[in-house]
Amino acid sequence: MKKCHYCAKEIDYSRMYCSKECEDKANDYYRIRHKWRLPVNITYIVSIALIFIGLIFSPTVFSFWGLLGVAAGSICGGVTTVLIPSPTEEMIKKHKMVKAQKIFKICGYVMAAIGVAALIMALIKLFT
């Protein structure tokens, strides 16, 4: 049997979604994803740049600033991923939309947790 593109329930081969509700939710998701595509991509680029700069500065005298860069980049990227999960089309094909968004949100939570850990280490470094 074929599976619903949104929720992965089994459906007829002649249909793409199991219900009108799933079709509306999928269309809303694609509309939001298209609307926020540019700001999300810019946020990811800035996050990656901050993490990269932070990793370069971490082993030097500027290790506080390096940890702060990693923290800022990770928290920024993680929060963006949790708020607007945008899994790739291949991921959506493999897991269907709901599961792909859940997996992506989990990655966002992990990324934000790493950022919080780096922020705590930066604060410890500052006060010791």
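Residues numbered from 1 in each chain as written. Predicted model: local features only at pLDDT ≥ 70, side-chain atom pairs only at ≥ 80, totals over all residues. Heavy atoms only, no water.

J.: Please clarify how the overall build of the protein chain should be interpreted in this entry.
T.: A count of helices and strands for the protein chain gives 5 helices and 2 strands. In the protein chain, the succession of helices and strands from N to C terminus is β-β-α-α-α-α-α. Taken against the 2.2 N^0.38 rule, which gives 14 Å for 128 residues, the C-alpha radius of gyration of the protein chain at 19 Å runs more than 25% over that of a compact globule. Reported as C-alpha extents along the three principal axes, the dimensions of the protein chain are approximately 65 × 25 × 20 Å. Considering only residue pairs separated by 6 or more positions, the protein chain has 52% of its internal contacts joining residues 24 or more positions apart. When the accessible surface of the protein chain is summed, it comes to about 8500 Å², and 70% of that surface belongs to carbon and sulfur atoms. (Helix = DSSP H or I, 4+ residues; strand = E, 2+ residues; numbered from the N terminus. Rg over C-alpha atoms; globule rule 2.2 N^0.38 Å. Contact = heavy atoms within 4.5 Å. Areas by Shrake-Rupley, 256 points an atom, 1.4 Å probe, with all protein chains shown as cover.)

J.: Explanation requested: the side chain of Lys 96 in the structure shown.
T.: In this fold, Lys 96 is placed in the loop between helix H4 (89–95) and helix H5 (97–127). For Lys 96, which is buried and forms no salt bridge, the nearest opposite charge comes from Glu 89, at a distance of 10 Å. (Buried < 20%, exposed > 50% of the residue type's maximum accessible area, 1.4 Å probe, protein only. Lys, Arg positive; Asp, Glu negative; His and termini not counted. Salt bridge = Lys/Arg side-chain N within 4 Å of Asp/Glu carboxyl O.)

J.: Explain the environment of Ser 63 to me, please; I cannot follow it from the model alone.
T.: The topology assignment puts Ser 63 in helix H3 (residues 63–83). Since its relative accessible area comes to 9%, Ser 63 is described here as buried. It is 8.0 Å that separates the C-alpha atoms of Ser 63 and Ala 122, two residues lying 59 residues apart in sequence. Apart from the residues lying within four places of it in its own chain, the contact partners of Ser 63 are Phe 57, Ser 58 and Lys 125. A distance of 3.4 Å separates the side chain of Ser 63 from the side chain of Lys 125, its partner in a polar contact. (Polar contact = N/O pair within 3.5 Å; in protein donor to acceptor, adjacent residues only side chain to side chain.)

J.: For this particular structure, what's the right way to read helix H1 (residues 20–35)?
T.: Residue pairs three or four apart in sequence face the same way in an α-helix, which turns once every 3.6 residues. With 16 residues, H1 ought to run about 22 Å at 1.5 Å a step, and its terminal C-alpha atoms sit 22 Å apart, in line with that. Cys 22, Ala 26 and Tyr 29 are the residues of H1 that are buried. When H1 is viewed along its axis, its buried side chains cluster within an angular range of 60° and face the same direction. Residues Lys 20, Arg 31, His 34 and Lys 35 are exposed on H1 and point more than 90 degrees away from its buried face. Those residues of H1 that are buried are in contact with H4 and H5. (Expected span 1.5 Å × (residues − 1). Arc of directions from axis to C-beta.)

J.: Got a minute to help me understand the pattern of salt bridges in this structure?
T.: Oppositely charged side chains can form a pair if their charged atoms are brought close together. Taken as a whole, this structure holds 4 salt bridges when the rule is applied. Across the pair Asp 28 and Arg 31 runs a salt bridge, and its minimum N-O distance is 2.7 Å. In this pair, Asp 28 and Arg 31 both sit in helix H1, 3 residues apart, roughly one turn of the helix. Residue Asp 28 is classed as partly exposed on the basis of its relative accessible area of 37%. Its relative accessible area of 52% is what places Arg 31 among the exposed residues.

J.: What is the right way to read the nonpolar core from this model?
T.: Most often, soluble globular proteins have nonpolar side chains that are buried together. Of all hydrophobic cores here, the largest spans 13 residues; its most connected members are Cys 4, Tyr 6, Tyr 17, Cys 22 and Met 97. The set of elements that each furnish at least two residues to this core consists of H1, H4 and H5. Cys 4 has contacts with Lys 9, Ile 11, Met 16, Tyr 17, Cys 18, Cys 22 and Lys 96, leaving out every residue within four places of it along the chain. (Core = buried A, V, L, I, M, F, W, Y, C linked by side-chain atoms within 4.5 Å.)

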